[in-house]
Amino acid sequence: MKGERDVKRIYLDNNATTAVRPEVLQGMLPFFCEAFGNPSSVHWAGSQVSPAIEKARGQVAQLLNCQPTEIVFTACGSEGDNFALKGTVDVLREKGNHIITTAVEHPAVLDTCRFLEKKGVEITYLPVDGEGRLDLDLLERSITPRTILISVMWANNETGVVFPIHEIGVVARRHKVRFFCDAVQAVGRLPVDVQKAQVDLLSLSGHKIGAPKGVGALFVRKGNPLTPLIHGGHQERRRRAGTHNVPGIVGLGIACQKAMDELSFVPGRMEPLRECLQSGLLTLVPEIKVNGASAPRLPNTLNLCFAGIEGEALLLHLDIAGIAASSGSACTSDDHGMSHVLEAMGVDPLLGQSSVRFSLGRDTVAEDIDRVLEVVPGVVQKLRDMSPFWEGRACRRAS
Amino acid sequence: MYSEKVLDHFTNPRNVGEMTNADATGEFGSSHCGDTIKVFLKVEDNVIQDIKFKTFGCAAAIASSSIMTEMVRGKTLEDGLQLTNDMVAEALDGLPPEKMHCSCLAADGLHKAIQNYLNGQK
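Residues numbered from 1 in each chain as written. Chains lettered and ligands numbered in written order. Predicted model: local features only at pLDDT ≥ 70, side-chain atom pairs only at ≥ 80, totals over all residues.

**Some words on the overall build of chain A**
Here is step 1: Each helix and strand in chain A was counted, giving 15 helices and 12 strands.
Here is step 2: Seen through its principal axes, chain A has C-alpha atoms that stretch 70 × 55 × 35 Å.
Here is step 3: Considering chain A as a whole, with its 399 residues, one finds that 51% of them fall into the buried category.
Here is step 4: Within chain A, counting contacts between residues at least 6 apart in sequence, those at least 24 apart form 75% of the total. (Helix = DSSP H or I, 4+ residues; strand = E, 2+ residues; numbered from the N terminus. Buried ≥ 20, exposed ≤ 12 C-beta atoms within 10 Å, placed from the backbone. Contact = placed C-beta atoms within 7 Å.)

In structure tokens:
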């Protein structure tokens with residue numbers, strides 16, 4: 001909204017979305033006006049584009065280490081989440097009606113579970129500890145003969161806390177329960193190998209990895225049927241009707257290819273910058289808390305609470321200084337309560353309102369971090385000076 | 001999302017801070033979002049001679065607090081009691097619908113301080 005003033009724009013909200021990569025855009029351009037056909041058509045216009053769809057399918061499959069036929073293109077991460085949950089409930093209704101998930105999933109999973117709960121599905125929402133970690137034993141003990149699905153995200157979008165997906169995969173296999181993983185934040189930032197992780201379903205979103213908005217994919221392991229969410233055509237082997245978003249799918253393929261090429265060095269470049277931001281803020285600003293500090297985290301995510309102030313006020317000051325960050329999850333910025341993730345971690349409600357998330361991207365440089373470290377302390381002090389909860393630093397200790 | 005006026009009062013809040021010799025204070029916290037205001041009053045001959053505030057909250061809450069102090073400074077206590085949320089929001093050239101409740105904070109905090117003053121007078 002601001003940021004257009006004479007300040008350098010710094011984008012540290014890459015968990016919300018990323019810019020389309022130039023090479024992705026270049027690859028997409030021929031599929032708007034030249035190769036415009038419907039890949040389902042038999043004529044020249046259709047046959048011009050169907051190989052591009054299959055190429056992209058191969059690129060996504062390669063990144064996830066699965067067969068191309070196991071990739072279903074979707075419109076977004078949320079569609080993948082809905083598809084995996086609702087499709088499993090419908091197709092396995094004879095087997096059971098119990099789903100195990102966590103209290104800190106993305107709303108696309110949580111709200112879908114609440115919807116299914118109203119339809120009679122039994123849902124177990126596993127708690128997390130103060131660092132955002134799951135209790136694996138509790139997960140295993142929650143499995144009943146009626147359990148049809150375990151749904152756990154690979155990494156949390158707000159805190160970046162990474163879950164022990166490989167261990168959960170072992171548990172799921174042992175009990176022969178289908179395992180779905182929302183890997184929207186993990187893809188491109190961590191190695192995501194569906195064979196090693198033994199997941200049966202996995203969702204990803206294009207716009208988090210430099211592809212455009214409006215395209216995603218769901219990995220559906222062979223032998224795990226799913227009732228379609230969208231009926232009406234034979235596309236995607238009858239798993240997802242609807243004319244293909246050809247340019248978007250081509251873009252997703254290239255973005256996955258790039259993510260694969262860069263996995264060996266981009267996360268390794270982001271992590272020291274995140275550490276620099278974290279240690280810098282801890283040094284310069286008193287009474288702040290890093291959420292999930294001692295848990296394994298995504299290399300790009302830093303979620304903090306600044307005692308005595310409100311997160312949105314801090315965000316707006318950062319925005320005026322050209323710095324884009326987020327408070328909690330961008331999807332819930334219309335809510336006034338604290339984030340459900342921090343609530344599940346037992347963060348004090350007042351402290352929880354002061355949370356801000358910085359999420360670095362592949363283009364983030366050291367100067368960006370320096371600028372944030374230059375701006376944040378003064379802005380926090382200004383807001384604390386006008387906060388009735390900060391009089392004489394009487395506020396409860398943040399950490 | 002916010003009007004220029006909101007941004008102005010948010011970045012340069014008027015009458016922010018504490019008052020050591022206040023005649024009355026009033027604190028009000030929103031049950032909706034946890035935002036909290038503390039209002040300090042200096043009253044002479046039924047007139048609000050000076051007013052200060054401290055607010056924990058979003059930009060809308062801080063801007064509402066700030067403009068509220070400008071609206072009632074030099075006014076009578078009765079005028080202060082008649083100040084409404086809508087008047088505060090209007091003075092800010094409007095607030096986004098989901099932020100309207102933040103304007104309540106300023107008016108209610110002021111009313112609380114005035115009530116405390118009047119109760120102390122009895």
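**Examining the interface of chain B and chain A**
Here is step 1: Chain B puts 20 residues into the contact, and the matching count from chain A is 16 residues.
Here is step 2: Counting only elements with at least two residues in the side of chain B that touches chain A, the list comes to helix H1 (4-11), strand E2 (36-44), strand E3 (47-56) and helix H2 (59-72) of chain B.
Here is step 3: Per-element accounting of the side of chain B that touches chain A gives the leading share, three residues, to E3 of chain B.
Here is step 4: Considering only residue class, the side of chain B that touches chain A consists of nine nonpolar, six polar and five charged. (Nonpolar A, V, L, I, M, F, W, Y, C, P; charged D, E, K, R; others polar.)

**Section: the domain arrangement of chain A**
Residue and element names in this part refer to chain A.
Here is step 1: Split into domains, chain A comes out as domain 1 (10-19 + 264-393) and domain 2 (22-262).
Here is step 2: Each of domain 1 and domain 2 was reduced to a C-alpha centroid, and the two centroids are 28 Å apart.
Here is step 3: Between domain 1 and domain 2, the residue contacts involve 28 residues of the former and 26 residues of the latter.
Here is step 4: Put simply, the parts of the chain that give the side of domain 1 that touches domain 2 at least two residues each are helix H11 (266-284), strand E10 (301-306) and helix H13 (340-344).
Here is step 5: Class assignment of the residues belonging to the side of domain 1 that touches domain 2 gives a composition of 11 nonpolar, 14 polar and three charged. (Domains from an automatic or database assignment.)

**Examining the sheet that holds strand E9 (residues 288-290) of chain A**
All names here are of chain A.
Here is step 1: Strand order in this open sheet of three strands is E9-E10-E12, and the pairing throughout is antiparallel. Every other strand in the sheet has two partners, leaving E9 and strand E12 (355-359) as the edge strands with one partner each. When strand polarity is set aside, the average angle formed by the axes of neighbouring strands in this sheet is 25°.
Here is step 2: Pairing of E10 with E12 involves five bridges; the strand directions are antiparallel. (Pairing = 2+ DSSP bridges. Axes fitted to C-alpha atoms, helices over the stretch in contact; angles between N-to-C directions.)

**Structural notes on the packing of H1 of chain B against H2 of chain B**
How two helices pack is summed up by the angle between their axes together with the distance between the axes.
Residue and element names in this part refer to chain B.
Here is step 1: Running from N to C, H1 and H2 cross one another at 80°; their axes reach a closest spacing of 8 Å. One way to sum up the angle between H1 and H2 is to call them roughly perpendicular. Contacts from Val6, His9 and Phe10 in H1 reach Ala59, Ala60, Ile62, Ala63, Ser66 and Ile67 in H2.
Here is step 2: The residue makeup of the contact of H1 with H2, split by class, is seven nonpolar, two polar and no charged. (Parallel < 35°, antiparallel > 145°, perpendicular 65-115°, else oblique.)

**Digging into the nonpolar core**
Soluble globular proteins tend to bury their nonpolar side chains together.
Here is step 1: The biggest cluster of nonpolar side chains holds 153 residues, and the ones touching the most others in it are Trp154, Cys181, Phe219, Phe306 and Leu314 of chain A together with Ala59 of chain B.
Here is step 2: Looking at which element gives the most residues to this core, the answer is helix H5 (residues 100-121) of chain B, with nine residues.
Here is step 3: Two domains share this core, each providing at least three of its residues, namely domain 1 (10-19 + 264-393) and domain 2 (22-262) of chain A. (Core = buried A, V, L, I, M, F, W, Y, C linked by C-beta atoms within 7 Å.)

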